[in-house]
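Architecture at a glance
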Number of protein chains: 2
Amino acid sequence: MSNGQTNSTELDPIRKDILHGARELFIHFGFKKTTMEDIAKKIGKSKSSLYYYFKTKEDIFEAMALEDMEQQHQNAVTSMNQYITVQDRFRSFVVSLLRHLIENNQQYSVFKAEVMENPFLIVNITEKRNAYMESFLKDLVLYGIRRGEIRELTHEEIDIWAKAINVSLKGIGSRLFLGNDQELFKDHLGFIADSLFTGITV
Amino acid sequence: MSNGQTNSTELDPIRKDILHGARELFIHFGFKKTTMEDIAKKIGKSKSSLYYYFKTKEDIFEAMALEDMEQQHQNAVTSMNQYITVQDRFRSFVVSLLRHLIENNQQYSVFKAEVMENPFLIVNITEKRNAYMESFLKDLVLYGIRRGEIRELTHEEIDIWAKAINVSLKGIGSRLFLGNDQELFKDHLGFIADSLFTGITV
DNA sequence: TATTCGACCAAAAAGATTAAATGGTCGAAA
DNA sequence: TTTCGACCATTTAATCTTTTTGGTCGAATA
């Protein structure tokens with residue numbers, strides 16, 4: 001019944017097992033060095049069985065990464081919903097996202113190199129993430145305009161802003177991920193978010 | 001007399017020849033596929049002669065890339081100096097940088113893939129560029145504070161802002177470089193720059 | 001002294017060939 | 001509906017050989 005095309009986290013416990021086992025292996029050994037048999041053995045099933053739940057090895061990877069991403073965004077949104085003003089919401093959302101990056105960056109160390117060498121792995125995920133983030137940011141702007149906190153912008157401007165902020169955050173994120181000045185940034189994530197949102201003018 | 005360690009563009013015409021010839025070859029065939037003999041032949045010299053001017057092949061590449069970078073920044077600064085207010089200056093600087101990326105992105109097509117596969121090539125250049133950009137942005141902020149356009153910020157905040165904006169611009173830049181929505185961004189570079197600088201609040 | 005170059009070398013890359021590992025399929029069985 | 005062993009085509013790893021290439025050096029040139 002549950003074939004590979006299920007778009008999001010399925011309730012199916014075996015599917016979850018696979019994803020869970022795969023995650024550990026991927027994180028420790030990377031994508032290439034983790035074989036389908038490794039994953040199968042880890043959950044006490046045969047290799048063929050995996051193909052009942054996922055179409056390809058890449059699909060497993062993608063599903064796993066997507067799960068992470070959704071969890072991350074869920075946290076950020078939850079954190080954000082404590083606040084009312086757009087500025088507070090934006091700050092809280094951004095800080096949650098970036099802080100997660102700093103705190104869990106050790107965990108993905110092997111992972112990094114892997115993904116660098118196999119960029120095709122994350123192209124789908126990246127696209128989904130971009131689409132999600134842009135749509136999210138646009139909604140936030142509309143909310144801000146309705147509240148009178150953000151000035152009237154054309155639809156095109158809103159679109160551009162969402163795209164620009166998305167890639168800006170990605171730039172900041174990768175610096176946090178790869179760079180060695182996390183300590184410096186750590187305590188100023190709120191300032192960064194506010195700067196992007198309200199600028200630094202008087 | 002002129003050995004490899006000269007830091008910037010030298011007047012030495014032969015050195016310029018080498019750089020010029022190398023640039024064409026690198027752009028057409030990439031770093032790996034361009035051999036020292038190719039470069040030597042191109043300028044009608046022997047391979048050994050190249051080593052009189054440059055210590056290694058990487059050095060040639062770096063010198064070439066550095067030349068490009070300096071030219072680019074020179075243009076941006078020139079463009080910026082037409083204006084007085086920080087906001088105008090910042091906008092003009094950013095627009096000049098990003099527009100160059102859009103307009104000359106065809107030219108670097110083969111180049112892109114090359115650099116992706118040999119990240120070590122640009123690590124030095126990237127560091128220099130980051131240092132330069134951050135220092136430049138910090139100066140601009142100080143100028144803005146002196147003029148009363150930018151609110152008082154701590155030294156740490158200025159530092160953080162410079163770093164954050166630098167990587168943000170890099171994020172925007174790589175989207176312009178790799179993505180396929182250049183047309184959309186093209187006419188809104190000024191808006192993007194202003195958003196980063198003054199925010200989008202009322 | 002400043003510059004060029006041919007001869008030379010060690011190291012890396014490119015090919016060729018073979019052996020092993022791996023992703024994925026399929027039909028039968030539970 | 002779910003699991004699995006047997007099986008296959010394709011990749012990848014390993015090994016060895018040949019070629020190319022980055023880089024050095026001493027002599028020659030001017």
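Residues numbered from 1 in each chain as written. Chains lettered and ligands numbered in written order. Predicted model: local features only at pLDDT ≥ 70, side-chain atom pairs only at ≥ 80, totals over all residues. Heavy atoms only, no water.

The next point concerns the overall build of chain A. When helices and strands are tallied, chain A shows 10 helices and zero strands. Order of helices (α) and strands (β) in chain A, N terminus to C terminus: α-α-α-α-α-α-α-α-α-α. Judged by the C-alpha coordinates and their principal axes, chain A covers about 65 × 40 × 30 Å. The proportion of buried residues among the 202 residues of chain A is 50%. Pairs at least 24 apart in sequence give 70% of the contacts found in chain A among residues at least 6 apart. For chain A, the computed accessible surface area is about 10300 Å², with 53% contributed by carbon and sulfur atoms. (Helix = DSSP H or I, 4+ residues; strand = E, 2+ residues; numbered from the N terminus. Buried < 20%, exposed > 50% of the residue type's maximum accessible area, 1.4 Å probe, protein only. Contact = heavy atoms within 4.5 Å. Areas by Shrake-Rupley, 256 points an atom, 1.4 Å probe, with all protein chains shown as cover.)

On to the interface of chain A and chain B. A common way to report how large an interface is uses the accessible area buried once the components associate. If you look at the interface, chain A gives 35 residues, while chain B gives 35 residues. The contact between chain A and chain B buries some 3400 Å² in all, and 69% of this surface belongs to carbon and sulfur atoms. The tally of links from chain A across to chain B stands at two salt bridges. Notably, a salt bridge pairs Arg175 of chain B with Glu134 of chain A, separated by 3.2 Å at the nearest N-O pair. Where chain A meets chain B, there are 12 residue pairs in polar contact (both at pLDDT 80 or more). Every element with two or more residues in the side of chain A that touches chain B is listed here: α7 (120-146), α8 (155-178), α9 (182-186) and α10 (189-198) of chain A. The element contributing the most residues to the side of chain A that touches chain B is α8 of chain A, with 13 residues. (Buried area = accessible area lost by both parts, 1.4 Å probe. Salt bridge = Lys/Arg side-chain N within 4 Å of Asp/Glu carboxyl O. Polar contact = N/O pair within 3.5 Å; in protein donor to acceptor, adjacent residues only side chain to side chain.)

Another aspect to go through is the packing of α10 of chain A against helix α8 (residues 155-178) of chain B. Between α10 of chain A and α8 of chain B, the least distance of the axes is 10 Å, while the angle of their chain directions is 60 degrees. As summarised for this structure, α10 of chain A and α8 of chain B are arranged oblique, according to the angle between their axes. Of the two possible hands of crossing, α10 of chain A and α8 of chain B adopt the one that is right-handed. Contacts from Phe191, Ile192, Ser195 and Leu196 of chain A of α10 of chain A reach α8 of chain B at Glu157, Ile160, Trp161, Ala164 and Ser168 of chain B. In the contact of α10 of chain A with α8 of chain B, the residues fall into six nonpolar, two polar and one charged. (Axes fitted to C-alpha atoms, helices over the stretch in contact; angles between N-to-C directions. Parallel < 35°, antiparallel > 145°, perpendicular 65-115°, else oblique. Left-handed = near helix turned anticlockwise from the far one by under 90°. Nonpolar A, V, L, I, M, F, W, Y, C, P; charged D, E, K, R; others polar.)

Before going further, it helps to spend a moment on the relation of the copies chain A and chain B. Note on the identical chains: chain A maps onto chain B by a rotation of 180 degrees and an axial translation of 0.0 Å, with an RMSD of 0.1 Å. Within this description, the copies of the chain are treated as partners about a two-fold rotation axis. The residues that chain A uses at the interface reappear at the interface of chain B in 100% of cases, marking a shared surface. (Least-squares fit on C-alpha atoms with pLDDT ≥ 70 in both.)

On inspection of all chains with the given rule, the structure shows 24 salt bridges over all chains. Of the charged contacts, one joins Asp194 of chain A and Arg91 of chain A as a salt bridge, the two residues approaching to 3.1 Å between their closest N and O atoms. With Asp194 of chain A in helix α10 and Arg91 of chain A in helix α5 (residues 86-103), this residue pair connects regions lying 103 residues apart in the sequence. Here Arg91 of chain A falls in the partly exposed class, since its relative accessible area comes to 23%. Residue Glu149 of chain B pairs with Arg147 of chain B through a salt bridge whose shortest N-O separation is 2.7 Å. Among the charged side chains, a salt-bridge network with shared partners connects Glu134, Lys138, Asp159 and Lys163 of chain A together with Arg175 and Asp181 of chain B.

What follows covers empty space enclosed by the protein. This model, assessed by the stated rule, comprises two cavities of 30 Å³ or more. As a volume, the largest cavity reaches approximately 40 Å³. Surrounding the largest cavity, Phe191, Ile192, Ser195 and Leu196 of chain A together with Ile160, Trp161, Ala164 and Ile165 of chain B form its lining. Contributions of two or more residues to the lining of the largest cavity are made by α10 of chain A together with α8 of chain B. Considered class by class, the residues forming the lining of the largest cavity number seven nonpolar, one polar and no charged. In this structure, the second largest cavity is lined by Trp161, Ala164 and Ile165 of chain A together with Phe191, Ile192, Ser195 and Leu196 of chain B. Contributions of two or more residues to the lining of the second largest cavity are made by α8 of chain A together with α10 (189-198) of chain B. The element best represented in the lining of the second largest cavity is α10 of chain B, accounting for four residues. In terms of residue class, the lining of the second largest cavity is made up of six nonpolar, one polar and no charged. (1 Å grid on protein atoms, 1.4 Å probe; cavity = no way out; pocket = protein on both sides within 12 Å on 5 of 7 lines; lining within 4 Å. Points joined across faces, edges and corners; volume = space filled by probe spheres on them.)

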